[in-house]
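What the coordinates show
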Amino acid sequence: MFKDAESLTFVDIHCLILILSEIILKKIIETKRLFLRELVKSDKEELAKILTDPESMKYYPAPFSYKKVEDWIKWNIDNYNKYNHGLWAVILKEGNVFLGDCGITMQNIDGEQLPELGYHIKKEYCNKGFATEAAKACMEYAFGTLDFPVLYIYTKHDNKPSFRVAEKIGMKFVKYFDKEVMSEKVKEILYCKHR
Ligand SMILES: CC(C)(COP(=O)(O)OP(=O)(O)OC[C@H]1O[C@@H](n2cnc3c(N)ncnc32)[C@H](O)[C@@H]1OP(=O)(O)O)[C@@H](O)C(=O)NCCC(=O)NCCS
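Residues numbered from 1 in each chain as written. Predicted model: local features only at pLDDT ≥ 70, side-chain atom pairs only at ≥ 80, totals over all residues.

Within the protein, the regular secondary structure consists of 5 helices and 8 strands. The C-alpha atoms of the protein give a radius of gyration of 18 Å, which matches the 16 Å a tight globule of 195 residues would have. For the protein, the spread of C-alpha atoms along the principal axes amounts to about 65 × 35 × 30 Å. In the protein, which comprises 195 residues, the share counted as buried stands at 28%. Taking as baseline every contact in the protein between residues at least 6 positions apart, the subset at least 24 positions apart corresponds to 53%. (Helix = DSSP H or I, 4+ residues; strand = E, 2+ residues; numbered from the N terminus. Rg over C-alpha atoms; globule rule 2.2 N^0.38 Å. Buried ≥ 20, exposed ≤ 12 C-beta atoms within 10 Å, placed from the backbone. Contact = placed C-beta atoms within 7 Å.)

Dropping the structure here:
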């Protein structure tokens, strides 16, 4: 029934890698095209392709440094342990492609600690509905599994791709507010949805 190591084909090895990676990498959510799993330190290179990219980060005061990408992953691993949620890796099932991150973190929103949905998708995969698909699944997870009565999204007031995702998953405009981001005062737009 079992093959010895020398008779394993490329396909056998590929299947084994997929099975092992599913066991080792903690899968949280599955959708039609995607799965979301916990971020791990070795995601740094792939995540850096978004977070250090000036075009992807044009609504942030500045793109991240590599050190900041490392800290971002560490912050999310701490979030999983502390809150049972954080930003997760978004993986395209077809080809096992790392697309970005999406998930729920606790954020200071206009002076209150509130659960917020966030996302970053590699620019070459944008406008294919991936952020919307991942965000909708995270919202269902927030209301169902995590039992939050309300969920928020905030983004820079002119980040239309980001707040379009909020609108497309059924969130409603709440207000504009000012936030200090990387020592800069930024006008943010806030959306929310109640369970
Ligand atoms: C925000 C982001 C995650 C959206 O990802 P995505 O996978 O492209 O999102 P979707 O395809 O699900 O939806 C994008 C929507 O924005 C719209 N959009 C994209 N670019 C736009 C632009 N320049 N102006 C207006 N609308 C735009 C799309 O048309 C689409 O809306 P539609 O379905 O009504 O046509 C992605 O743009 C991103 O990673 N941006 C950089 C990081 C970022 O700013 N994250 C948010 C931080 S708060």
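Let's pick the thread back up.
Across 3 bridges, strand β1 (residues 27–30) lies against strand β2 (residues 34–38) in antiparallel orientation. Considered in β2, the bridge of E30 is made with F35. Between β1 and β2, which pair antiparallel and follow one another directly, the connecting turn spans 3 residues. Of the strand pairs in this sheet, β2 and strand β3 (residues 87–92) are connected by 5 bridges, and their pairing is antiparallel. Following the sheet pairing, F35 is matched in β3 by I91. (Pairing = 2+ DSSP bridges.)

Before going further, it helps to examine the environment of D78. As for its position among the elements, D78 is in helix α3 (residues 66–83). Placed 70 residues apart in sequence, D78 and F148 show a C-alpha to C-alpha distance of 20 Å.

Here is a general trend for soluble globular proteins: nonpolar side chains tend to be buried in one another's company. One finds V90, C102, A134, A135 and C138 to be the most contacted residues of the largest nonpolar core, which totals 43 residues. Ranked by residue count, the leading element in this core is helix α4 (residues 130–144), at 9 residues. Every residue in contact with C102, bar those within four places of it in the chain, is listed here: L36, L87, W88, V90, Y119, A131, A134, A135 and C138. (Core = buried A, V, L, I, M, F, W, Y, C linked by C-beta atoms within 7 Å.)

Let us look at the environment of R164. As for its position among the elements, R164 is in helix α5 (residues 160–168). We classify R164 as partly exposed; it has 13 C-beta atoms within 10 Å. Through-space distance from the C-alpha of R164 to that of E140 is 18 Å; in sequence the pair is 24 residues apart.

What follows covers the packing of helix α2 (residues 44–51) against α3. Contact geometry for α2 and α3: axes closest at 10 Å, N-to-C directions at 115°. The hand of the α2/α3 crossing is right-handed. Contacts from K44, L47, A48 and L51 in α2 reach Y66, V69, E70, W72 and I73 in α3. (Axes fitted to C-alpha atoms, helices over the stretch in contact; angles between N-to-C directions. Left-handed = near helix turned anticlockwise from the far one by under 90°.)

Moving on to α3. Helix length check: α3, at 18 residues, gives a terminal C-alpha distance of 25 Å against a target of 26 Å (1.5 Å per residue), a fit within 8%. Two residues or fewer past α3, N84 is found with a positive phi of approximately 70°. (Expected span 1.5 Å × (residues − 1).)

This next bit is on unusual backbone geometry. Despite not being glycine, N96 has its phi angle at roughly 55°, a positive value. Position of N96 among the secondary structure elements: in the loop between β3 and β4 (97–109). Phi angles above zero are rare outside glycine, and D147 is one such case at about 65°. Position of D147 relative to the elements: it lies in the loop between α4 and β6 (150–156). For D147, a count of 8 C-beta atoms within 10 Å puts it in the exposed group.

Geometric descriptors of this kind do not, in isolation, establish any biological role.
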